[in-house]
Amino acid sequence: MTVIHPGGSAAQPAPFEMTGGHVRLEGRDVLRGIDLTVEPGDVLAVMGPNGAGKSTLIKALLGLIPLSSGRTEIFGAAPARFRDWKRIGYVPQRLPMGGGVPATVREVVSSGRVARQSRWRPTSAADRAAVDSALEAVGLSHRARDSAHLLSGGQQQRVLIARALAGEPEVFVMDEPTAGVDAASQAALARTLRDLTAAGRTVVLVTHELGPLAPLITRSIVLDHGRMANDSAALTAHLSTETGTPA
Amino acid sequence: MTEMLQYDFMRIALVMAVLIGLTAPAVGTFIVQRKLSLLGDGIGHIALTGIGLGLLTGNSPILGALLVSVLGAVAIEVLRARSRSGADVALALLFYGGLAGGVLLTNGQDGGTSLQSYLFGSISSVSATDLYVVAGLAVAVLGIVALFGRELFLLCQDEEVARAAGLPVRFLSILIAATAAVTVVISMRAIGLLLVSALMVVPVAAAQQLTRGFKSTMLVAMGIGVLSAVSGLAGSFEYDLPPGPSIVLLALAVFVAAVIGGTVLRRMRTRTVPATADRPARTSVEAEAEVLGG
């Protein structure tokens, strides 16, 4: 998936690159002309008030919501042509109840391996090991056999993060992982995020407030009414020098 | 019990009941989680037109039902994906068209008795050939569940996550609808088209009162399916009742027992498991209400 530039040097394409991204939903302009490149290793916080288009932006980056104009690429390919989905781990806002059929924590987390599994191959030792370490990372190993829907909101959020971790992707896209989450889960999330950034993973996360995540963020953008109000890599430089204390 | 095994048609019907009891809840687990509990009903209506076409053209009614109901299921899925608002009415049109078409086409062919047997099930008319067809279809359905189970699980959990994992979401949606259509055809001789969907939904609704996982729900539902299909059939032979309603009422009785058993089980669990500091996001009582609601 590398692009050879005319000069001859091979460069890794950016995980996400959107130019002039415009999304119209039910007659309303939700995103208006977003230009955003997420570089490998970025830990990008997408911030802004309710209804600013934060979730729409990350869904548009993943190709889950089509652009009405502009274009977006995942590792250099249009979402419809992108095939290497095992490089991406998407953490949605919540675990849908669906029709109410229960699923154990382990079943939900195991489903994060699906992009790495072939249809004809049974679950391997590597699959099981990845699920085990994902459960460990979010501190839910002891709840593996419980019904995921009966956990608290914060624990469910950790289950969703563990599902993405189990797929061992390079890029994590998280929709409000801290919303309505108890202190223990926030701490678990911050710990997980620290391990990911230490391993050089790329993270895009939507959030209202940074809280304990602030020291880990390398870049933040603020959306307002579907426009980018602020792109501050500067905040980053500032924060990284003052380890632990947000400005 | 031994008396009814002396009849050829009962031996065939009992094997069929086991196959139906296994397949309908297996597919039903995905259908229920996808909030398509009434899909089987709709397909049942459409299948009737297939039966009418089969009888009219002198072909096998099972073959006609299979063809038309799979096409109908694909049409339903395409309509659902196209538009959320218009799909509801389009589905209704398809269902009523299927039912009306079936009644008209079967009208005048051996006095409507065959229509009655397809609507509510009849076992005395089942032949060995029917059994072979049903057995083949049942193997196909269980094979699809085994092969695509992992992908279908994620699809039914969260369609967006499935798409962001690179799964062929449209293909899988059509696959599960078509598999439901095949299941309807498997079950129609014994249970009847109007009740066929009950065996996809009721055992699953009963099982999820007692289980914590998806796979365990499916396995328990299959157990309940086989139990109610076989004992419903035996009861209908013993007391000369139509098999479909007997099977469905038995499954409903299991559901009621499961609700009571599940409540007791949850009380015991909450007493033994120390309560966590944070509140549960949803209770299973809410989940239950959602299933019952549709």
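Keep in mind the model is a prediction, meaning the values are calculated, not measured.

Novice: Hey, could you run me through the interface of chain B and chain A in this one?
Specialist: As a measure of interface size, the accessible area lost when the parts come together is often cited. Taken together, the contacts link 40 residues of chain B with 34 residues of chain A. Those elements giving two or more residues to the side of chain B that touches chain A turn out to be α1 (8-33), α6 (128-157), α7 (159-164), α10 (214-238) and α12 (284-293) of chain B. Of the residues assigned to the side of chain B that touches chain A, the class counts are 15 nonpolar, eleven polar and 14 charged.

Novice: Where do I start with the confidence of the model for chain B in this structure?
Specialist: A low pLDDT score tells you not to read the predicted coordinates there in detail. Residue and element names in this part refer to chain B. Averaged over all residues, the pLDDT of chain B is 86; the fraction at 70 or higher stands at 88%. Taking the mean pLDDT of every element in chain B, the minimum, 38, falls on α12 and the maximum, 96, on helix α9 (residues 198-207). Counted against residues more than four places away or in other chains, residues 275-294, with its pLDDT under 50, gives 31 contacts. Here the predicted complex carries an ipTM of 0.88, next to a pTM of 0.88.

Novice: Even after reading the chapter, I still don't get the packing of α1 of chain B against helix α8 (residues 169-191) of chain B, so can you show me in this structure?
Specialist: Relative orientation and spacing of two packed helices are given, respectively, by the angle between their axes and the distance between those axes. Residues and elements named next belong to chain B. Contact pair α1 / α8: the axes reach a minimum separation of 9 Å and the direction vectors enclose 150°. Comparing their axes, α8 and α1 come out roughly antiparallel. Relative to α8, α1 is oriented so that their crossing is left-handed. In this structure, α1 uses Ala-13, Met-16, Ala-17, Leu-19, Ile-20, Thr-23, Ala-24, Val-27, Phe-30 and Ile-31 to contact α8, whose residues at the interface are Ile-176, Thr-179, Ala-180, Thr-183, Ile-186, Ser-187, Arg-189, Ala-190 and Ile-191. Each residue belonging to the contact of α1 with α8 can be placed in one class, and the counts come to 14 nonpolar, four polar and one charged.

Novice: What is the right way to read the pairing of strand β7 (residues 88-91) of chain A from this model?
Specialist: A regular strand places its side chains so that they alternate between the two faces of the sheet. All names here are of chain A. Residues of β7 alternate between two faces, with Ile-88 and Tyr-90 on one and Gly-89 and Val-91 on the opposite face, all of them buried. For β7 and strand β8 (residues 171-175), the ladder comprises four bridges, and the chain directions are parallel. Paired with Tyr-90 across the two strands is Val-173, which belongs to β8.

Novice: Sorry, what's going on with the UniProt feature "transmembrane region" (unreviewed entry) in chain B here?
Specialist: Mapped onto this numbering, the UniProt entry gives "transmembrane region" (unreviewed entry) at residues 12-31, 86-105, 131-149, 161-184, 190-207, 219-237 and 243-265 of chain B. Helix makes up 67% of residues 190-207 of chain B and strand 0%, and the two end C-alpha atoms of the span are 22 Å apart.

Novice: Even after reading the chapter, I still don't get the sheet that holds strand β4 (residues 28-38) of chain A, so can you show me in this structure?
Specialist: Through backbone hydrogen bonds, the strands of a sheet pair up, either in parallel or in antiparallel fashion. Residue and element names in this part refer to chain A. Read across the sheet, three strands follow the order β4-β3-β6 without closing on themselves; strand pairing throughout is antiparallel. The open sheet terminates on both sides in strands that have one partner only, identified here as β4 and β6 (69-74). Averaged over neighbouring strand pairs, the angle between their axes works out to 25° when direction is ignored. The pairing of strand β3 (residues 16-25) with β4 spans seven bridges and is antiparallel. Paired with Met-18 across the bridge in β4 is Leu-36.

Novice: Mind showing me how you'd approach the environment of Gly-58 of chain B here?
Specialist: Mapped onto the secondary structure, Gly-58 of chain B falls in the loop between α2 (39-56) and α3 (61-82). With 119 residues separating them along the chain, Gly-58 of chain B and Ala-177 of chain B place their C-alpha atoms 28 Å apart.

Novice: Looking at this structure, I do not really get α8 of chain B. What am I missing?
Specialist: Helical geometry note: an α-helix holds 3.6 residues per turn, so side chains three or four residues apart project in the same direction. Residue and element names in this part refer to chain B. Taking 1.5 Å of rise per residue, the 23 residues of α8 would be expected to cover 33 Å, and the 31 Å separating its terminal C-alpha atoms lies within 8% of that figure. A bend of about 25° at Val-185 is the largest found in α8. Most of α8 is tucked away, with 19 of its 23 residues classed as buried. Directly after α8, the chain includes Gly-192, whose backbone phi takes a positive value near 95°.

Novice: Just checking my understanding: could you explain the sheet that holds strand β5 (residues 43-47) of chain A for this structure?
Specialist: Residue and element names in this part refer to chain A. Overall, mixed pairing links the six strands, which are arranged β7-β8-β9-β5-β10-β11 in an open sheet. Each end of this open sheet is capped by a strand with a single partner; those strands are β7 and β11 (227-232). Here the average twist between neighbouring strands, direction ignored, is 15°. Across four bridges, β5 lies against strand β9 (residues 202-206) in parallel orientation. Among the inter-strand pairings, Val-43 is bridged to a residue of β9, identified as Val-203. In the packing of helix α4 (residues 153-166) onto the sheet, contacts are made with β7 and β8, and the angle to β7 comes to roughly 170°.

Novice: Quick question: what am I supposed to make of the environment of Leu-38 of chain B here?
Specialist: Residue and element names in this part refer to chain B. Take Leu-38: it is sitting in the loop between α1 and α2. Under the C-beta neighbour-count criterion, Leu-38 is labelled partly exposed, with 14 such atoms within 10 Å. Between the alpha carbons of Leu-38 and Gly-143 there is a distance of 23 Å; along the sequence they are 105 residues apart.

Basis of the calculations
- Residues numbered from 1 in each chain as written.
- Chains lettered and ligands numbered in written order.
- Predicted model: local features only at pLDDT ≥ 70, side-chain atom pairs only at ≥ 80, totals over all residues.
- Contact = placed C-beta atoms within 7 Å.
- Helix = DSSP H or I, 4+ residues; strand = E, 2+ residues; numbered from the N terminus.
- Nonpolar A, V, L, I, M, F, W, Y, C, P; charged D, E, K, R; others polar.
- pLDDT = per-residue confidence, 0-100.
- Axes fitted to C-alpha atoms, helices over the stretch in contact; angles between N-to-C directions.
- Parallel < 35°, antiparallel > 145°, perpendicular 65-115°, else oblique.
- Left-handed = near helix turned anticlockwise from the far one by under 90°.
- Buried ≥ 20, exposed ≤ 12 C-beta atoms within 10 Å, placed from the backbone.
- Pairing = 2+ DSSP bridges.
- UniProt positions renumbered as here; feature names shortened; annotations may be inferred.
- Expected span 1.5 Å × (residues − 1).
- Bend = angle between axes of the 7 residues up to and from the residue.

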